[in-house]
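Remarks on the overall topology
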Amino acid sequence: MARITPKDRFYTKEHEWALDNGDGTVTVGITDHAQELLTDIVFVELPEKGKVVAQMETLAVVESVKSVSDVYAPVGGRVVDVNGRLEEHPELINNDPYGQGWIAKIAMEDPSELASLMDAEGYEAMIAQESH
Amino acid sequence: MKKTPLYERHIALGGRIIDFGGWAMPVQYDTVMAEHERTRQAAGLFDTCHMGEVEIRGEGAFSFLQRVLTRDLADQRPGQMRLSLMTNERGGILDDLTVYMLSGDRYLIVTNAATKDKDLQWLLKIRDEGGFGDVVIEDVTATTGKVDLQGPKAEEILQVLVPHYLHTLKFYHFLETTILGMPALVSRSGYTGEDGFEIYVPAEGIGRVWDRLLQVGGDYGLKAAGLGARDTLRLEAGLMLYGNELDEDVIPFEVVYGWITNLEKDFVGRDALRRRYEKGVERKLAGFICRGRGIARKGHGVMKDGREVGVVTSGTYSPTLGKAIGLAFVPPGLAVSGTVLDIVVRQNVIPAQVVDLPFYRRKRQYYFFNLFI
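In every chain, residue numbers begin from 1 and rise along the written sequence. For naming, the first written chain is A and the first written ligand is 1, with later ones following in the order written. The model is predicted, so local features are restricted to residues of pLDDT at least 70 and side-chain atom pairs to those at 80 or more, both for listing and for counting; the totals for chains, interfaces and linings are taken over all residues. Side-chain figures throughout are based on the complete set of non-hydrogen atoms in the structure, without hydrogens or water.

1. As for the overall build of chain B
The secondary structure listing takes helices from DSSP runs of H or I that are at least 4 residues long and strands from runs of E that are at least 2 residues long, numbered from the N terminus. In terms of helices and strands, chain B carries nine helices and 20 strands. Expected size for 373 residues packed as a compact globule is a radius of gyration near 21 Å; at 20 Å, chain B falls within 12% of this value. In terms of overall dimensions, chain B has a C-alpha envelope of 60 × 55 × 40 Å along the principal axes. Of all 373 residues assigned to chain B, the portion counted as buried reaches 60%. Any pair of residues with heavy atoms lying within 4.5 Å of one another is described as a contacting pair. Long-range pairs, those at least 24 residues apart, make up 65% of the contacts in chain B with a sequence separation of at least 6. This count recognises Lys and Arg as positive and Asp and Glu as negative, with His and chain-terminal groups excluded. Here the site of a charge means NZ on Lys, CZ on Arg, CG on Asp, or CD on Glu. Averaging the positions of the 46 positive and the 48 negative side-chain charges in chain B gives two centres separated by 5 Å. Radius of gyration means the value over C-alpha atoms here, while the globule rule gives 2.2 Å times the residue count to the 0.38 power. Any residue under 20% of the maximum accessible area for its type is buried, any over 50% is exposed, and the rest in between are partly exposed; the area is computed with a 1.4 Å probe on protein chains only.

2. What about the packing of helix α3 (residues 61-68) of chain B against helix α4 (residues 116-128) of chain B?
Residues and elements named next belong to chain B. Angles here are taken between N-to-C directions and fall from 0 to 180 degrees, while the axes themselves are lines fitted to C-alpha atoms, restricted in helices to the stretch in contact. Running from N to C, α3 and α4 cross one another at 115°; their axes reach a closest spacing of 11 Å. On the basis of the axis angle, α3 is roughly perpendicular to α4. Every pair of crossing elements has a handedness; the one defined by α3 and α4 is right-handed. Where α3 approaches α4, its residues Phe 64, Arg 67 and Val 68 are matched on the opposing element by Leu 123, Ile 126 and Arg 127. In this classification, Asp, Glu, Lys and Arg are treated as charged, Ala, Val, Leu, Ile, Met, Phe, Trp, Tyr, Cys and Pro as nonpolar, and every other residue, Gly included, as polar. Its residues assigned to classes, the contact of α3 with α4 shows four nonpolar, no polar and two charged. The scheme is simple: roughly parallel for angles under 35 degrees, roughly antiparallel for over 145, roughly perpendicular for 65 to 115, oblique for anything else. Should the near helix be turned anticlockwise from the far one by less than a right angle, the crossing is termed left-handed; should it be turned clockwise, right-handed.

3. Some words on the sheet that holds strand β2 (residues 16-20) of chain A
All names here are of chain A. Whether two strands pair comes down to DSSP finding at least two bridges between them. Strand order in the open sheet formed by six strands is β1-β2-β3-β9-β8-β5, with antiparallel pairing between adjacent strands. Only two strands of the sheet have a single neighbouring strand rather than two, namely β1 (10-11) and β5 (52-53). Sheet topology note: the β2/strand β3 (residues 25-30) ladder contains five bridges and is antiparallel. Bridging from a neighbouring strand, Trp 17 pairs with Gly 29 of β3.

4. Let's talk about the interface of chain B and chain A
With 19 residues of chain B at the interface, the matching set in chain A holds 16 residues. Roughly 1500 Å² is buried in total at the junction of chain B and chain A, and carbon and sulfur atoms are behind 49% of that figure. Among the residues chain B hides against chain A, the three largest losses belong to B:Arg293, B:Arg297 and B:Arg346. Together they make up 41% of the total. When a carboxyl oxygen of Asp or Glu lies within 4 Å of a side-chain nitrogen of Lys or Arg, that pair is called a salt bridge. Where chain B packs against chain A, one counts five salt bridges. Throughout this description, a polar contact denotes any pair of N or O atoms lying within 3.5 Å of each other; where both atoms belong to protein, one of them has to be capable of donating a hydrogen while the other can accept it, and for residues adjacent in sequence the pair is counted only when both atoms sit in side chains. One can count 15 residue pairs in polar contact (both at pLDDT 80 or more) joining chain B with chain A. Mapped onto the side of chain B that touches chain A, the elements with two or more residues apiece are α2 (32-41), α7 (227-236) and β17 (307-318) of chain B. Note: buried area is the sum, over both parts, of the accessible area (probe 1.4 Å) each one loses when the two are combined.

5. Observations concerning the packing of aromatic side chains
Residues and elements named next belong to chain A. We call Phe, Tyr and Trp rings a pair once their centres come within 6.5 Å, taking the six-membered ring for Trp, and we label the pair stacked below 30 degrees between planes, edge-to-face above 60, and tilted otherwise. In this structure the tally under the stated criterion is seven aromatic pairs over all chains. Measuring from centroid to centroid gives 5.0 Å for Tyr 11 and Tyr 123, while their planes differ by 15°, and the two rings are stacked. Of this pair, Tyr 11 sits in strand β1 while Tyr 123 sits in helix α4 (residues 120-130), and the two are 112 residues apart along the sequence. By relative accessible area, Tyr 123 is classed as buried at 2%.

6. Regarding the domain arrangement of chain B
Residues and elements named next belong to chain B. Domain boundaries assigned for chain B yield domain 1 (2-51 + 142-236), domain 2 (53-139) and domain 3 (282-357). Averaged C-alpha coordinates put domain 1 and domain 2 at centres separated by 24 Å. The largest contributions to the domain 1 side of the interface with domain 2 come from Met 51, Tyr 172 and Phe 174, which together make up 47% of the buried area. Across the domain 1-domain 2 interface, the total number found is zero salt bridges. Taken together, domain 1 and domain 2 are joined by four residue pairs in polar contact (both at pLDDT 80 or more). Elements that contribute at least two residues to the side of domain 1 that touches domain 2 include exactly β10 (144-150), β11 (174-179), β12 (182-188) and β13 (196-202). For the side of domain 1 that touches domain 2, the per-class residue count stands at six nonpolar, six polar and three charged. The start and end points of each domain follow an automatic or database-based domain assignment.

7. Brief notes about helix α8 (residues 270-279) of chain B
Residues and elements named next belong to chain B. Inspection of α8 places Arg 270, Ala 272 and Leu 273 among the buried residues, and these make up the whole buried set. Projection of α8 onto a plane perpendicular to its axis shows the buried side chains occupying an angular sector of 155°, all on one side. Exposed side of α8, more than 90 degrees from the buried face: Arg 275, Glu 278 and Lys 279 are the residues found there. Buried residues belonging to α8 abut β6 (81-87). Looking one or two places after α8, you find Gly 280, whose phi comes out positive at around 90°. Relevant arc is that of directions from the helix axis to the C-beta atoms, nothing else.

8. Thoughts on the environment of B:Arg208
Tracing the chain through its elements places B:Arg208 in helix α6 (residues 206-217). C-alpha of B:Arg208 to C-alpha of B:Leu180: the two residues are 28 residues apart in sequence and 8.1 Å apart in space.

9. Regarding the environment of B:Ala12
Examined against the element boundaries, B:Ala12 turns out to sit in helix α1 (residues 7-12). Owing to a relative accessible area of 69%, B:Ala12 belongs among the exposed residues under this scheme.

10. Let's talk about unusual backbone geometry
All names here are of chain B. Of note, the bond from Leu 357 into Pro 358 is cis; its omega dihedral lies within 30 degrees of zero at -5°. One can find Pro 358 in the loop between β20 (348-355) and α9 (369-372). Phi angles above zero are rare outside glycine, and Leu 180 is one such case at about 50°. Tracing the chain through its elements places Leu 180 in the loop between β11 and β12.

11. Section: the pattern of salt bridges
Taken as a whole, this structure holds 36 salt bridges over all chains when the rule is applied. B:Asp211 serves as the salt-bridge partner of B:Arg9, at 2.8 Å between the closest nitrogen and oxygen. Of this pair, B:Arg9 sits in helix α1 while B:Asp211 sits in helix α6, and the two are 202 residues apart along the sequence. Residue B:Asp211 is classed as partly exposed on the basis of its relative accessible area, which comes to 37%. One network of salt bridges, in which partners are shared, links A:Glu45, A:Glu63, B:Arg297 and B:Arg346.

Here you go:
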């Protein structure tokens, strides 16, 4: 059932992903594992464009029927774009967490922060550890 | 954590277990949304073994209950159940519970899970003050198994297992019957706003009843449902939850429970409640629907004209309405349908409109929901 963890991006311990767009920005979302834990996502509080966040600072909030979870910024920087479709269709995160369910784009302050994140293999190993 | 006799079945069904008042209970098996919608459209089966059951019997049983409960039970007949409150000397709500009249001198009261031990101590304390004649108070929680079968298909499903004709069983009435050869008590009642039943059998047989109901009910769309859906269903139905809306600092008139509080009768807390009634309440529970983007949750502040005026007691996304709904304590003047309030959700302030309860009322009703409980 679980989706393949894409190898083209980086992962945090808090289950966010960051895709390096190669232009100084990263696209950010939450992982398949995270959306599975949350189940039916019914609301996403998006950041304002232009907001400046530090690495692992709260970037957005996703809510399921029962729970409220922070989404942390995998890297610090300025929010240059947000996925406005999530306002009407928060379930995109459940249905396509690595694609149409992206949350925001951040212009990186310090691209070297990416090095502190995990790759797909490392993230999958962490999940496997957690479930034991 | 304490486990109900159905715990292993929850694990086998993939239930996610949480601590609910000291009990290891399934919050969901599938998703809250799916279990909620299934219960509204077909049926859901809930483990409610964690709830407390206390038998009150003896010649003084009736006068004892009249003393500890806010509701006048004089018109209750065997086979009927009543919703009531138990209050302390200050009139604060110790618990909301249901009372089954089994016979003239035998009652079963069903309490919340987290309040059961406290209730029991309170009942023993009042009994020992004397004046009721012979009253036996017996905690039968451990030997009683309980499940709630809820939803428009509940009657058809349960009828397969029960020899008595269920269609004529009225809301908040019960019958003593048999299920799978075991003695069973079945009431038409529940906590979801749907038609449905609360089913009691000996604890050692509840697993078999659970399995059989899921097996029979499969054809009708029945599946197990967890506490997550139980909470969203009860909130849509405008039903209160002890620990959220109700506690020892809340009095019945603040939560529109005046209708089950009879000040003409002598019960513990009556005098205090009379004074509070004459003085008027300073806050009232109001239902609201969020008009802005965001979901109000328990503990969020309520503002009016820039001033903090109250607090949210329960809040969720309503699967049926597709909107965020909630209950909040606000000054009585604001607890009026149409009033616009502001809810403080993190750093945002979102508008919400006070509405009449319930948020959801099922279409086909056997009996008028609010009149008979």
